[in-house]
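Given next are the chains, with one letter for each unit.
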Amino acid sequence: MTNQVMSYEEILQKGINEPIDYDEALFLFKETENFAKAQDMFRTASAVKNKEIGNTFRWSGGIASVLPCKLQPLCSYCPYWTKDTTQPLTIDEIKIGVKYIEEQGLREFHLSGGTDRRSDGRDIVEIVRTIAPLTSADITVNVGAAMSEESLLELKRLGVKRIGASFETANRDLFQKVKAGDSFDAKVKLAETINDAGLEFGTGMLAGLTTGPERYKDYVDFMFFVRQFRNLKSVYVSRFFPVRGTPMEEHPRCSTMEGSRIIAIMRLVLRDIDIGPAAGWSYDDIPMWVMAGGGNRIGGVHINRAPCYRNNWYLHSALEYRGRMEYRNTIVTASKLLKESGVERVIF
């Protein structure tokens, strides 16, 4: 085992120049429960990020949900269990969202949610076909394992460069437990088909699904599982947060520190891909994930169905409501926090 032949400091030194291995990643998780050691690892991961992909960040946007989620049952942690989040945006609302993103000057955005495993992807193809003439931005699509090879190729013809399929965990037993309506094997097949179609692949982890010491093995298993996909270009790390009304409403929250440690170790494993935060993070967390080696994209605008709760205290200055849509624009505040975190430049 690595922890018998290499010290913590030696693993970090190795990580500066080459990927760490499975045992080394697992060892780092255990060692960095110590805060001082976690800080050392963050500095190493940040240096690797700057070396591999630079320190220039790019704004991105998102529009969700663009399709109804028809998984049965829904994922145990998903806010779709609450009635106010179940209705997707209409095509006219999606077009309004695209116009807003264009007005902000963003050069890329994603369309996401929900998933219908019976779909062959023609529904999302029609959405992209409708909005493609309205924007010059790069579009990423993430609607789960609900696309045929023909739909992927059509999206490619329409200018889409990247497709997302979020595993959340590589633990098949856990996946089946909390995502019983989804299919791990279907996601693997989709990831492989995305590669065959010549498209980039993005995926995501939901940190905190597993609790206790065994969670570290799940995190490392995920990193080395997604590493097999040759066209992997991005991984987001969401932090579990309990939503009232879901089957997992009593499940514990994943901390900022744990999410940041995952990003740092993932950087030492995956090196040159975009690694960033997603659900469960606030813009107040920007300094942490940047210092931990995250980057180089940051969400500046997100548009979705307006929830029943409005004007979250921590986002009140970034939120605007028009009709039944919520516009979250954190560009101004996030720019300041990125600068304070040592980011040299943020481009549109």
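All values derive from a computational prediction rather than experimental measurement.

**Some thoughts on the environment of Gly-181**
Stage number 1. Counting through the fold element by element, Gly-181 comes out in the loop between helix 8 (172-178) and helix 9 (184-196).
Stage number 2. On the basis of relative accessible area, Gly-181 is assigned to the buried category, the value being 6%.
Stage number 3. Distance from Gly-181 to Leu-338, taken between C-alpha atoms, is 38 Å for residues 157 residues apart in sequence.
Stage number 4. Those residues in contact with Gly-181 that sit more than four places away from it in its chain are Leu-71, Gln-72, Pro-73 and Arg-117.

**A look at the packing of helix 3 (residues 22-31) against helix 10 (residues 215-226)**
Stage number 1. It is at 10 Å that the axes of helix 3 and helix 10 come closest, and there the two elements cross at 145 degrees. Crossing handedness for the pair helix 3 and helix 10: right-handed. Note on element contacts: helix 10 touches helix 3 through Tyr-216, Lys-217, Tyr-219, Val-220, Asp-221, Met-223 and Phe-224, opposite Tyr-22, Ala-25, Leu-26, Phe-29 and Lys-30.
Stage number 2. Its residues assigned to classes, the contact of helix 3 with helix 10 comprises nine nonpolar, no polar and three charged.

**Observations regarding helix 9**
Each α-helix winds once per 3.6 residues, and so residues spaced three or four apart point in a common direction.
Stage number 1. The end-to-end C-alpha distance of helix 9 is 19 Å, a good match for the 18 Å that 13 residues give at a rise of 1.5 Å each.
Stage number 2. Looking at helix 9, one finds that the buried residues are Phe-184, Lys-187, Val-188, Leu-190, Ala-191, Thr-193 and Ile-194.
Stage number 3. The secondary structure elements touched by the buried residues of helix 9 are helix 7 (149-157), strand 4 (162-164), helix 8, strand 5 (200-207) and helix 10.
Stage number 4. Capping of helix 9 at its N-terminal end is provided by Ser-183; its side-chain oxygen lies 3.0 Å from the backbone amide nitrogen of Ala-186.
Stage number 5. Within two residues after helix 9, Gly-198 carries a phi angle of roughly 80 degrees, on the positive side.

**Overview of the pattern of salt bridges**
Stage number 1. Evaluated as defined, the whole model comprises 25 salt bridges.
Stage number 2. In this structure, the salt-bridge partner of Glu-24 is Lys-14, at a minimum N-O distance of 2.8 Å. Of the two residues, Glu-24 sits in helix 3 while Lys-14 sits in helix 2 (residues 8-17), which places them 10 residues apart along the sequence.
Stage number 3. Among the ionic pairs, Glu-52 bridges to Arg-271, the shortest N-O distance being 4.0 Å. Separated by 219 residues along the polypeptide, Glu-52 in helix 4 (residues 35-53) and Arg-271 in the loop between helix 11 (256-270) and strand 7 (274-277) bring together distant segments of the chain.
Stage number 4. Its relative accessible area of 34% is what places Glu-52 among the partly exposed residues.

**Observations concerning the packing of helix 5 (residues 91-104) against helix 6 (residues 122-131)**
Stage number 1. The geometry of helix 5 relative to helix 6 is characterised by a closest axis approach of 10 Å and an angle of 45 degrees between their N-to-C directions. Viewed along their axes, helix 5 and helix 6 adopt a mutual orientation that is oblique. The interaxial crossing formed by helix 5 with helix 6 has right-handed handedness. Side by side, helix 5 and helix 6 meet where Ile-91, Ile-94, Lys-95 and Val-98 of the first sit next to Ile-127, Thr-130 and Ile-131 of the second.
Stage number 2. Per-class residue counts for the contact of helix 5 with helix 6 are five nonpolar, one polar and one charged.

**Points about a negative patch on the surface**
Stage number 1. A contiguous patch of negative charge on the surface is contributed by Glu-149, Glu-150, Glu-192 and Asp-196.
Stage number 2. Relative to the helices and strands, Glu-149 is located in helix 7.
Stage number 3. With relative accessibility at 45%, the residue Glu-149 sits in the partly exposed group.

**Overview of the nonpolar core**
Stage number 1. Within the largest apolar cluster, 108 residues are counted, with the highest numbers of intra-cluster contacts made by Leu-111, Ile-124 and Met-266.
Stage number 2. With residues up to four places along the chain from it excluded, the contact list for Ile-124 reads Val-66, Leu-67, Leu-111, Val-141, Val-143, Met-147 and Leu-155.

**What to know about helix 6**
Stage number 1. Inspection of helix 6 places Ile-124, Val-125, Ile-127, Val-128 and Ile-131 among the buried residues, and these make up the whole buried set. With its buried residues spanning 160 degrees around the axis, helix 6 presents them on a single face.
Stage number 2. Contacts made by the buried residues of helix 6 are with helix 5, strand 2 (108-112), strand 3 (138-142) and helix 7.

**What to know about the packing of aromatic side chains**
Stage number 1. A full pass over the atoms with the stated rule returns 13 aromatic pairs.
Stage number 2. Measuring from ring centre to ring centre gives 5.6 Å for Phe-225 and Phe-229, while their planes differ by 90 degrees; the resulting arrangement is edge-to-face.
Stage number 3. By the ring-pair criterion, three or more aromatic residues cluster together here, those being Phe-167, Phe-175, Phe-184, Phe-201, Phe-225 and Phe-229.
Stage number 4. Above the plane of the ring of Tyr-8 lies Lys-37, whose end atom (NZ or CZ) is 5.3 Å from the centre.
Stage number 5. Over the ring of Tyr-327 we find Arg-322, and its NZ or CZ is 4.7 Å from the ring centre.

Conventions and cut-offs
- Starting from 1, residues in each chain are numbered consecutively following that chain's sequence as written.
- With the structure being a predicted model, the display of local features is reserved for residues of pLDDT at least 70 and the display and counting of side-chain atom pairs for 80 or more, all residues being used for whole-chain, interface and lining totals.
- The side-chain figures draw on all heavy atoms in the structure; neither hydrogens nor water molecules are used.
- Under the scheme used here, helices are H or I runs from DSSP no shorter than 4 residues and strands are E runs no shorter than 2 residues, and both carry numbers assigned from the N terminus.
- Working definition: with a 1.4 Å probe on protein chains only, accessible area under 20% of the residue-type maximum means buried, over 50% means exposed, and in between means partly exposed.
- Note on contacts: a residue pair qualifies if any of its non-hydrogen atoms lie within 4.5 Å across the two residues.
- All axes here are fitted lines through C-alpha atoms, helices being fitted over the stretch that makes contact, and every angle between N-to-C directions spans 0 to 180 degrees.
- Each crossing is labelled by how the near helix is turned from the far one, with a counterclockwise turn of less than a right angle marking it left-handed and a clockwise turn marking it right-handed.
- Under the scheme applied here, ten amino acids are nonpolar (Ala, Val, Leu, Ile, Met, Phe, Trp, Tyr, Cys and Pro), four are charged (Asp, Glu, Lys and Arg), and all others, including Gly, are polar.
- Given the number of residues in a helix, its expected span is that number minus one, multiplied by 1.5 Å.
- Polar contacts here mean pairs of N or O atoms no more than 3.5 Å apart (in protein, one a potential hydrogen donor and the other a potential acceptor; neighbouring residues in sequence count only if both atoms are side-chain atoms).
- Should a side-chain nitrogen of Lys or Arg be within 4 Å of a carboxyl oxygen of Asp or Glu, the pair is scored as a salt bridge.
- Note on angle classes: values under 35 degrees are labelled roughly parallel, values over 145 roughly antiparallel, values of 65 to 115 roughly perpendicular, and the remainder oblique.
- Like-charged residues are merged into a patch within 9 Å and nonpolar side chains (Val, Leu, Ile, Met, Phe, Trp, Tyr) within 5 Å, provided each residue has over 30% relative accessible area and no salt bridge.
- Areas reported here follow the Shrake-Rupley algorithm with a probe of radius 1.4 Å; residue values treat only the protein chains shown as occluding.
- His is not counted here, nor are the chain ends, while Lys and Arg score as positive and Asp and Glu score as negative.
- In this description, the location of a charge corresponds to atom NZ of lysine, CZ of arginine, CG of aspartate or CD of glutamate.
- For this analysis, a nonpolar core means a set of buried residues of the types Ala, Val, Leu, Ile, Met, Phe, Trp, Tyr and Cys, connected via side-chain atoms within 4.5 Å.
- The directions from the helix axis to the C-beta atoms are what the arc is built from.
- Working definition: rings of Phe, Tyr and Trp (its six-membered ring) pair if their centres are within 6.5 Å, and the pair is stacked with planes under 30 degrees apart, edge-to-face with planes over 60 apart, and tilted otherwise.
- Lysine NZ or arginine CZ positioned within 6 Å of the ring centre and within 35 degrees of the ring normal marks a charge as sitting over the ring.

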